[in-house]
Amino acid sequence: ARGFVPAAWQFFLETAAAPPELIVLDEIAHAVRHGLLTVEAVEDGLHALPSHVRVIMTGRNAPPLLAALADMIVECSAVKHPMQRGIDARWGIEY
(Lines give C-alpha, C1' and ligand atoms only; values in the text may rest on other atoms or scores of the structure.)
Protein backbone atom coordinates (compact mmCIF):
# COMPACT_ATOMS: atom_id res chain seq x y z
CA ALA A 1 0.00 0.00 0.00
CA ARG A 2 2.82 2.41 0.77
CA GLY A 3 3.95 2.44 -2.87
CA PHE A 4 0.46 2.45 -4.32
CA VAL A 5 -0.99 5.37 -2.33
CA PRO A 6 1.57 7.97 -3.46
CA ALA A 7 1.09 6.83 -7.09
CA ALA A 8 -2.70 7.01 -6.74
CA TRP A 9 -2.46 10.46 -5.15
CA GLN A 10 -0.22 11.65 -8.00
CA PHE A 11 -2.87 10.40 -10.44
CA PHE A 12 -5.47 12.44 -8.52
CA LEU A 13 -3.30 15.56 -8.72
CA GLU A 14 -2.80 15.09 -12.46
CA THR A 15 -6.55 14.52 -12.90
CA ALA A 16 -7.21 17.74 -10.98
CA ALA A 17 -5.71 19.69 -13.90
CA ALA A 18 -8.72 18.75 -16.08
CA PRO A 19 -11.10 17.11 -13.63
CA PRO A 20 -14.34 15.30 -14.26
CA GLU A 21 -17.45 16.45 -12.42
CA LEU A 22 -17.14 13.74 -9.75
CA ILE A 23 -14.08 12.24 -8.08
CA VAL A 24 -14.32 9.36 -5.59
CA LEU A 25 -11.42 9.12 -3.13
CA ASP A 26 -12.25 5.62 -1.93
CA GLU A 27 -10.90 4.73 1.53
CA ILE A 28 -8.96 7.98 1.78
CA ALA A 29 -9.74 8.17 5.51
CA HIS A 30 -7.85 4.89 5.93
CA ALA A 31 -4.88 6.25 3.97
CA VAL A 32 -4.74 9.40 6.13
CA ARG A 33 -5.30 7.55 9.40
CA HIS A 34 -2.39 5.22 8.65
CA GLY A 35 -0.01 7.98 7.57
CA LEU A 36 0.01 7.13 3.86
CA LEU A 37 -1.24 10.66 3.07
CA THR A 38 -1.37 13.80 5.17
CA VAL A 39 -4.51 15.79 5.80
CA GLU A 40 -2.61 18.81 4.49
CA ALA A 41 -1.95 17.07 1.15
CA VAL A 42 -5.63 16.16 0.85
CA GLU A 43 -6.72 19.68 1.74
CA ASP A 44 -4.33 21.22 -0.81
CA GLY A 45 -5.53 18.78 -3.48
CA LEU A 46 -9.18 19.54 -2.78
CA HIS A 47 -8.60 23.30 -2.86
CA ALA A 48 -6.88 22.94 -6.25
CA LEU A 49 -10.10 21.61 -7.81
CA PRO A 50 -12.53 23.89 -9.62
CA SER A 51 -15.68 24.66 -7.64
CA HIS A 52 -17.94 22.58 -9.94
CA VAL A 53 -16.15 19.32 -9.04
CA ARG A 54 -17.83 17.14 -6.43
CA VAL A 55 -15.67 14.85 -4.29
CA ILE A 56 -16.75 11.79 -2.35
CA MET A 57 -14.31 10.62 0.32
CA THR A 58 -14.88 7.23 1.91
CA GLY A 59 -13.49 5.33 4.86
CA ARG A 60 -14.28 4.67 8.49
CA ASN A 61 -13.01 6.68 11.44
CA ALA A 62 -11.89 9.70 9.47
CA PRO A 63 -9.41 11.80 11.43
CA PRO A 64 -11.12 14.96 12.76
CA LEU A 65 -9.12 17.26 10.47
CA LEU A 66 -10.19 15.24 7.43
CA ALA A 67 -13.81 15.21 8.57
CA ALA A 68 -13.63 18.99 8.97
CA LEU A 69 -13.06 19.29 5.20
CA ALA A 70 -16.39 17.60 4.44
CA ASP A 71 -19.67 19.33 3.69
CA MET A 72 -21.60 16.19 4.60
CA ILE A 73 -20.75 13.00 6.49
CA VAL A 74 -22.82 9.84 6.10
CA GLU A 75 -22.39 6.62 8.07
CA CYS A 76 -23.41 3.34 6.48
CA SER A 77 -24.03 0.11 8.31
CA ALA A 78 -24.52 -3.43 7.08
CA VAL A 79 -28.11 -4.57 7.39
CA LYS A 80 -27.36 -7.90 5.75
CA HIS A 81 -23.84 -9.00 4.82
CA PRO A 82 -22.21 -12.29 3.76
CA MET A 83 -19.64 -11.96 6.57
CA GLN A 84 -22.50 -12.36 9.05
CA ARG A 85 -22.89 -15.90 7.61
CA GLY A 86 -19.18 -16.64 8.00
CA ILE A 87 -18.15 -15.83 4.42
CA ASP A 88 -14.67 -14.28 4.39
CA ALA A 89 -13.95 -10.83 2.96
CA ARG A 90 -13.65 -10.94 -0.82
CA TRP A 91 -11.01 -9.14 -2.85
CA GLY A 92 -12.60 -6.37 -4.89
CA ILE A 93 -15.65 -6.24 -2.65
CA GLU A 94 -14.69 -5.76 1.00
CA TYR A 95 -11.06 -4.86 0.35
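Asker: What's the story with helix α1 (residues 4-15) in this structure? I'm lost.
Answerer: Since the α-helix advances by 3.6 residues per turn, residues separated by three or four positions end up pointing in the same direction. Over its 12 residues, α1 runs 16 Å from end to end, which matches the ideal 16 Å to within 8%, given 1.5 Å per residue. The set of residues buried in α1 consists of V5, W9 and F12. Down the axis, α1 shows its buried residues gathered within 55° of arc, on one side only. Turned more than 90 degrees away from the buried face of α1, the exposed residues are F4, F11 and E14. The secondary structure elements touched by the buried residues of α1 are β1 (22-25), α2 (28-33) and α3 (39-47).

Asker: Explain the layout of surface pockets here, please?
Answerer: Take a probe with the size of a water molecule and roll it over the atoms, and the empty space left behind shows itself. Estimated volume of the largest pocket: approximately 1700 Å³. Along the wall of the largest pocket there are 38 residues; nearest its centre are I56, M57, T58, G59 and V74. Secondary-structure elements contributing two or more residues to the lining of the largest pocket are α2, α3, β2 (54-57) and α4 (64-68). The leading source of residues in the lining of the largest pocket is β2, at four residues.

Asker: Please clarify how the nonpolar core should be interpreted in this entry.
Answerer: A general feature of soluble globular proteins is that nonpolar side chains tend to end up buried together. With 18 residues, the main nonpolar core has I28, L37 and V42 as its most contacted residues. Contributions of two or more residues to this core are made by α1, β1, α2 and α3. Counting residues per element, this core draws most heavily on α2, at four residues. If sequence neighbours within four positions are ignored, L37 has contacts with V5, W9, I28, A31, V32 and V42.

Asker: Any chance you could explain the environment of Q10 here in plain terms?
Answerer: With respect to the helices and strands, Q10 occurs in helix α1. Classification of Q10 by relative accessible area gives partly exposed; the value is 40%. Sequence separation between Q10 and G45 is 35 residues; the distance between their C-alpha atoms is 10.0 Å.

Asker: Which parts of the structure should I look at to understand a nonpolar patch on the surface?
Answerer: A contiguous nonpolar patch, built from L22, V24 and I56 and spanning about 250 Å² of accessible area, is present on the exposed surface. Looking at the element boundaries, V24 is found in strand β1.

Asker: I'm lost on α3 in this one. Help?
Answerer: Within α3, the full set of buried residues consists of V39, V42, G45 and L46. Down the axis, α3 shows its buried residues gathered within 130° of arc, on one side only. The exposed set on the far side of α3, more than 90 degrees from its buried face, consists of D44 and H47. Check the buried side of α3 and you find it contacts α1, β1, α2, β2 and α4.

Conventions used here
For every chain, the first residue of its written sequence is number 1, and the numbers climb from 1 along that sequence. Per-residue local features of the predicted model are confined to residues with pLDDT of at least 70, and side-chain atom pairs are confined, for both listing and counting, to 80 or more; whole-chain, interface and lining totals are unaffected and use all residues. With hydrogens and water set aside, each side-chain value is computed from the structure's full complement of heavy atoms. Secondary structure counts use DSSP, requiring at least four H or I residues in a row for a helix and at least two E residues in a row for a strand, with both numbered from the N terminus. Multiplying 1.5 Å by the helix residue count minus one yields the expected span of that helix. Residue exposure (1.4 Å probe, protein chains only): buried if accessible area is under 20% of the type maximum, exposed if over 50%, otherwise partly exposed. To obtain the arc, one takes the directions from the helix axis to the C-beta atoms. Throughout, a residue-residue contact means that at least one pair of heavy atoms, one from each residue, lies within 4.5 Å. The definitions used throughout rest on a 1 Å grid laid over the protein atoms alone, on which a cavity is an enclosed set of points accommodating a 1.4 Å probe that cannot get out and a pocket is an open set flanked by protein within 12 Å on both sides along at least five of seven lines; lining residues are those having an atom within 4 Å of a point. Grid points are joined across faces, edges and corners, and a volume is the space filled by probe spheres set on the points. In this description, a nonpolar core means a group of buried Ala, Val, Leu, Ile, Met, Phe, Trp, Tyr and Cys residues linked to one another through side-chain atoms lying within 4.5 Å. Patches here: salt-bridge-free residues with over 30% relative accessible area, like charges joined within 9 Å, nonpolar side chains (Val, Leu, Ile, Met, Phe, Trp, Tyr) joined within 5 Å. Here the Shrake-Rupley method, with its probe set to 1.4 Å, supplies the accessible areas, and only the displayed protein chains count as covering residues. A carboxyl oxygen of Asp or Glu within 4 Å of a side-chain nitrogen of Lys or Arg is what we treat as a salt bridge.

Note that every value here comes from positions in space, so none of it alone points to a role or purpose.
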